[in-house]
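Notes for the structure review
These are the residues of each chain, in order.
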Amino acid sequence: AAAASAAARAAAEADQGTNLNLAPAGRGLIIDAIMPAGADPLTLTPPPEMVLDRVHLVFNNVSMQNVDQKATETRALLKPEFLAWFGNYLVVKRISTQPNFHHLYLNFLLKLDKPELMQTVLVSVFHNVSKLLASPKITTSTSERSLLKNLGSWLGQITLSRNKPILQRKLDVKELLCQGYETGRLIAVTPFVAKIMEGAKDSRVFRPPNPWLMALMGILRELYDIDDLKMNIKFEIEVLCKHLGLKIDEVPRASVLCNRLQPRKDKNPDFNVRVGNVATQLAPSDAGSIVGEMSGMGEGGPGEGGGMPGSDSMGD
């Protein structure tokens, strides 16, 4: 993955002529370098119609009060050949659109007591994350960014919160941040990464000062200090710091992004610049706390129906 990323950067630099440090216009994320195992196709075997109807009925009526009963009902329906379908159904139709019910769905999965099912859910999460990151609409579609952010929240809850690592071959979070910076996709990448890392607040292993976590926080601090960065991206970083019990000005700044290809700030959704590269927003020292300014902004309620866009693997 590192070799692929280095080769891509070298090719991009070669295309730049005299400006060797500027990212090429229109370049997307190199998914193979970020998550080489993430784009593997899913092999899904849907169950009979009767089982489909019963699964839908379970999820339309499950609650914290009856989760044991509903898990028992569902366990009897899930033959081994249907687990991949069920895991993908849960990710696409429920988890990606209903963040307020993540705790309930995690409790439901644990009550099912099928370790192989948790693995199929992870496979589906990485698969659908890779599709969203590769989507040409991820910087313009608020619905796609919302799905990605919800999957990040779920991923943090089923890995970091449970003291389980996110393997680099599954998702290289550092490389994702760096490529997001280079390609003008921080508007989607930063909320996704922040939601993953938020899961560390409940972890015995990954909470600060865990080295893996603090290395990523160092990159976010470096990102936070970049001129002209949009306020909503800084807001995501400040909220993450609050969840982790950190202060952004006390996080040691990394020196990673300064050694990567630099983004073109004109017509870039990650930056606010005027003609002549004059920032439209105040510097952090003058602007005060963004969290304080935006404290009234909250997330909407859980989505209903819908699901992940544009994939033949995502139907019922």
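What counts as what
Residues numbered from 1 in each chain as written. Predicted model: local features only at pLDDT ≥ 70, side-chain atom pairs only at ≥ 80, totals over all residues. Heavy atoms only, no water. Helix = DSSP H or I, 4+ residues; strand = E, 2+ residues; numbered from the N terminus. Expected span 1.5 Å × (residues − 1). Buried < 20%, exposed > 50% of the residue type's maximum accessible area, 1.4 Å probe, protein only. Phe/Tyr/Trp six-rings, centres within 6.5 Å; stacked < 30°, edge-to-face > 60°. Lys NZ or Arg CZ within 6 Å of the ring centre and 35° of its normal. Contact = heavy atoms within 4.5 Å. Salt bridge = Lys/Arg side-chain N within 4 Å of Asp/Glu carboxyl O. Axes fitted to C-alpha atoms, helices over the stretch in contact; angles between N-to-C directions. Parallel < 35°, antiparallel > 145°, perpendicular 65-115°, else oblique. Left-handed = near helix turned anticlockwise from the far one by under 90°. Polar contact = N/O pair within 3.5 Å; in protein donor to acceptor, adjacent residues only side chain to side chain. pLDDT = per-residue confidence, 0-100.

Some remarks on helix H12 (residues 231-244)
Residue pairs spaced three or four apart in an α-helix point in one direction, given the helix's 3.6 residues per turn. Across its 14 residues, H12 extends 20 Å between first and last C-alpha, which sits within 8% of the 20 Å expected from 1.5 Å per residue. Buried within H12 are the following residues: Ile233, Lys234, Phe235, Glu236, Ile237, Glu238, Leu240, Cys241 and Leu244. Positive phi appears at Gly245, one or two residues downstream of H12, with a value of about 70 degrees.

What about the packing of aromatic side chains?
Per the stated rule, a full pass over the model turns up eight aromatic pairs. Ring geometry for Phe101 against Tyr105: centres 6.3 Å apart, planes inclined by 40 degrees, an arrangement best described as tilted. Here Phe101 falls in the partly exposed class, since its relative accessible area comes to 35%. An aromatic cluster of three or more residues is present, and its members are Phe59, Trp85, Phe86, Tyr89, Phe101, Tyr105 and Phe108. Here the basic side chain of Lys234 rests over the ring of Tyr224, its NZ or CZ set 5.1 Å away from the ring centre.

Brief notes about the side chain of Thr183
Within the fold, Thr183 resides in helix H9 (residues 173-183). Take Thr183: its relative accessible area is 14%, and that puts it in the buried class. Discounting chain neighbours no more than four positions away, the residues touching Thr183 are Arg27, Gly28 and Leu29.

Digging into unusual backbone geometry
Omega for the bond connecting Pro208 with Pro209 falls within 30 degrees of zero, at 10 degrees, which places this linkage in the cis form. Considering the arrangement of structural elements, one finds Pro209 in the loop between helix H10 (186-198) and helix H11 (211-224). Notably, Asp228 is not glycine yet its phi reads approximately 75 degrees, a positive angle. Among the structural elements, Asp228 can be located in the loop between H11 and H12. When its relative accessible area of 10% is taken as the criterion, Asp228 is described as buried.

Observations concerning the pattern of salt bridges
Scanning the model with the defined rule gives 13 salt bridges in all. Here Lys201 ties to Glu198 by a salt bridge, and the two come within 3.8 Å at their closest N and O atoms. On the basis of relative accessible area, Lys201 is assigned to the partly exposed category, the value being 35%. According to the relative accessible area criterion, Glu198 is buried, its value standing at 14%. Here Lys201 makes a salt bridge to Asp202, at a shortest N to O gap of 3.7 Å. When salt bridges with common partners are traced through the structure, they connect Arg27, Glu175, Glu182 and Arg260 into a single cluster.

Considerations on the packing of helix H6 (residues 102-112) against helix H8 (residues 142-158)
In contact at an axis separation of 11 Å, H6 and H8 are set at 45 degrees when each is read in the N-to-C sense. Considered as vectors, H6 and H8 are oriented oblique to each other. Judged by the sense of rotation from one axis to the other, the crossing of H6 with H8 is right-handed. Across from His102, His103, Tyr105, Leu106 and Leu109 in H6, the residues of H8 making contact are Asn150, Ser153, Trp154, Gln157 and Ile158.

Considerations on H11
The end-to-end C-alpha separation of H11 is 20 Å, in line with the 20 Å expected for 14 residues at 1.5 Å each. The element H11 is extensively covered by neighbouring structure, given that 10 of its 14 residues are classed as buried. Looking only at H11, the buried set comprises Leu213, Leu216, Met217, Gly218, Ile219, Leu220, Arg221, Glu222, Leu223 and Tyr224. Measuring from the backbone nitrogen of Trp212 back to the side-chain oxygen at the start of H11 gives 3.0 Å, which picks out Asn210 as the cap.

Some remarks on the confidence of the model for the protein chain
Per-residue pLDDT for the protein chain averages 85, and the proportion of residues at 70 or more is 79%. The low-confidence segment residues 12-18, where pLDDT is below 50, has eight contacts with residues more than four positions distant or belonging to other chains.

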